[in-house]
Amino acid sequence: MTQILFAQVYKEMFPFWEEITESDRNYICENSVALTYPKATNIHNGTECSGVILVRSGCLRLYIMSDQGKEITLYRIHAGDMCMLSASCVLKSVTFDVFVDAEENSECYVINGQAFSNVADRNPNIKIFTLETAVSRFSDVMWIMQQILFMSMDKRLAMFLSDEIARTGSETINLTHEQIAKYIASAREVVSRMLKYFANEGIVEVSRKGIKVLDKKRLYNLSL
């Protein structure tokens, strides 16, 4: 029954699914597992081949880390998204260490990386899909790097808060200052000072319940 469920999901997510043989489809399903990761669990630690991860619910954060332990968030993936950078045996050209943590309690399907790679070696369409998926995410990475290198802190924070309320549909952001700092590659103290400035300007209200956006227009203008 589980393999049938995998096949139904993969048919929706993979454009190549109907183009590969039935034996290859069965092979991928047989080498898939459904896993639940509690919040704050490290899922992928560096360059090992953890497999192709499909998020069914929750949120995963992908990031890189310096030798001194400083983190830079590359991007987050949510329900319906897929993580290819956790499968280094599929994307052999990716040689840097990528870490993946569960930001929330997350339900995922994980395809064994070597099994996926074996099928990809027999099917060029899978390799094309894999590369296109990775390239689309590298665009997100380059956007993050551009923000870090060329944008002021107030603009970066305003952009993050604006994106977050647009994504969640709520004017209250239930994230700690430490979490926001990780997302925008800054320090918690810097984020706290900037949020205090925003609060003094009447743009946000900061409390233990979270960060409530009071003036979306001014926040948006700061992000421009």
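None of these values were measured; they are calculated from a predicted model. (Residues numbered from 1 in each chain as written. Predicted model: local features only at pLDDT ≥ 70, side-chain atom pairs only at ≥ 80, totals over all residues. Heavy atoms only, no water.)

> Before we go on, may I ask you to explain helix 1 (residues 2-13) in this structure?
One turn of the α-helix equals 3.6 residues, which is why residues spaced by three or four share an orientation. The terminal C-alpha atoms of helix 1, which comprises 12 residues, lie 17 Å apart, in line with the 16 Å expected from a rise of 1.5 Å per residue. If you check which residues of helix 1 are buried, you get Phe-6, Val-9, Tyr-10 and Met-13. All buried residues of helix 1 project into a common sector of 100° when viewed along the axis, lining one side. Summarising the geometry of helix 1, the exposed residues directed more than 90 degrees from the buried face are Lys-11 and Glu-12. Looking at the buried side of helix 1, the elements it contacts are helix 2 (22-30), strand 1 (32-37), strand 3 (52-57), strand 6 (82-83), strand 8 (106-111) and helix 4 (124-150). (Helix = DSSP H or I, 4+ residues; strand = E, 2+ residues; numbered from the N terminus. Expected span 1.5 Å × (residues − 1). Buried < 20%, exposed > 50% of the residue type's maximum accessible area, 1.4 Å probe, protein only. Arc of directions from axis to C-beta. Contact = heavy atoms within 4.5 Å.)

> In this structure, what is going on with the sheet that holds strand 7 (residues 98-102)? I would like to understand it.
Two modes of strand pairing occur in sheets, parallel and antiparallel, and in both the strands are linked by backbone hydrogen bonds. Judged by pairing direction, the sheet is antiparallel, and its 4 strands sit side by side in the order 2-7-4-5 without closing on themselves. Where the open sheet ends on each side, the last strands, each with one partner, are strand 2 (42-46) and strand 5 (71-78). Direction aside, neighbouring strands of the sheet carry axes that sit 20° apart on average. (Pairing = 2+ DSSP bridges. Axes fitted to C-alpha atoms, helices over the stretch in contact; angles between N-to-C directions.)

> What's the story with the sheet that holds strand 6 in this structure? I'm lost.
Read from one edge to the other, the open sheet built from 4 strands follows the order 1-8-3-6, with strand pairing classed as antiparallel. Taken across any chain shown, the strands that pair with only one partner, and hence form the sheet edges, are strand 1 and strand 6. Note that strand 1 and strand 8 share 6 bridges and pair antiparallel. Paired with Ala-34 across the two strands is Tyr-109, which belongs to strand 8.

> Quick question: what am I supposed to make of the nonpolar core here?
Soluble globular proteins tend to bury their nonpolar side chains together. Formed by 43 residues in total, the largest nonpolar core has its most connected members in Tyr-10, Phe-14, Leu-54, Leu-60 and Phe-116. Look past the residues within four positions of Leu-60 in its chain and what remains in contact with it is Ile-43, Ile-53, Val-55, Tyr-75, Arg-76, Ile-77, Val-100, Asp-101, Ala-102, Glu-103, Ser-106 and Cys-108. Counting 21 residues, the second largest nonpolar core, distinct from the first, contains Leu-157, Phe-160, Leu-175 and Tyr-183. (Core = buried A, V, L, I, M, F, W, Y, C linked by side-chain atoms within 4.5 Å.)

> Honestly, the pattern of salt bridges in this entry has me stumped. Any pointers?
A side chain with one charge can pair with a side chain of the opposite charge if their charged atoms come near. Following the criterion strictly, the structure yields 12 salt bridges and no others. For Glu-71, the salt bridge goes to Arg-61, with nearest N and O atoms at 2.7 Å. Of this pair, Glu-71 sits in strand 5 while Arg-61 sits in strand 4 (residues 59-65); the two residues are 10 residues apart in sequence, bridging distant segments of the chain. Comparing Glu-71 with Arg-61, the two get one shared label, buried. Across the pair Glu-164 and Arg-167 runs a salt bridge, and its minimum N-O distance is 2.7 Å. In this pair, Glu-164 and Arg-167 are both assigned in helix 5 (residues 153-168), 3 residues apart and thus about one turn of the helix distant. The exposure class assigned to Glu-164 is buried, which follows from its relative accessible area of 6%. (Salt bridge = Lys/Arg side-chain N within 4 Å of Asp/Glu carboxyl O.)

> Mind showing me how you'd approach the pairing of strand 3 here?
If a strand is regular, its side chains alternate between the two faces of the sheet. When strand 3 meets strand 8, the two strands line up antiparallel, connected through 5 bridges. Considered in strand 8, the bridge of Leu-54 is made with Tyr-109.

> When you look at the packing of helix 5 against helix 8 (residues 216-223) in this model, what are you seeing that I'm missing?
Helix packing for two helices is described by the angle between their axes and how far apart those axes are. At a minimum axis distance of 7 Å, the contact between helix 5 and helix 8 shows a crossing angle of 130°. Compared by their axis directions, helix 5 and helix 8 come out oblique. Seen along the crossing, helix 5 lies across helix 8 with a hand that is left-handed. Contacts between helix 5 and helix 8 involve Asp-154, Lys-155, Ala-158, Met-159, Leu-161, Ser-162 and Ile-165 from the former and Lys-216, Leu-219, Tyr-220, Leu-222 and Ser-223 from the latter. (Parallel < 35°, antiparallel > 145°, perpendicular 65-115°, else oblique. Left-handed = near helix turned anticlockwise from the far one by under 90°.)

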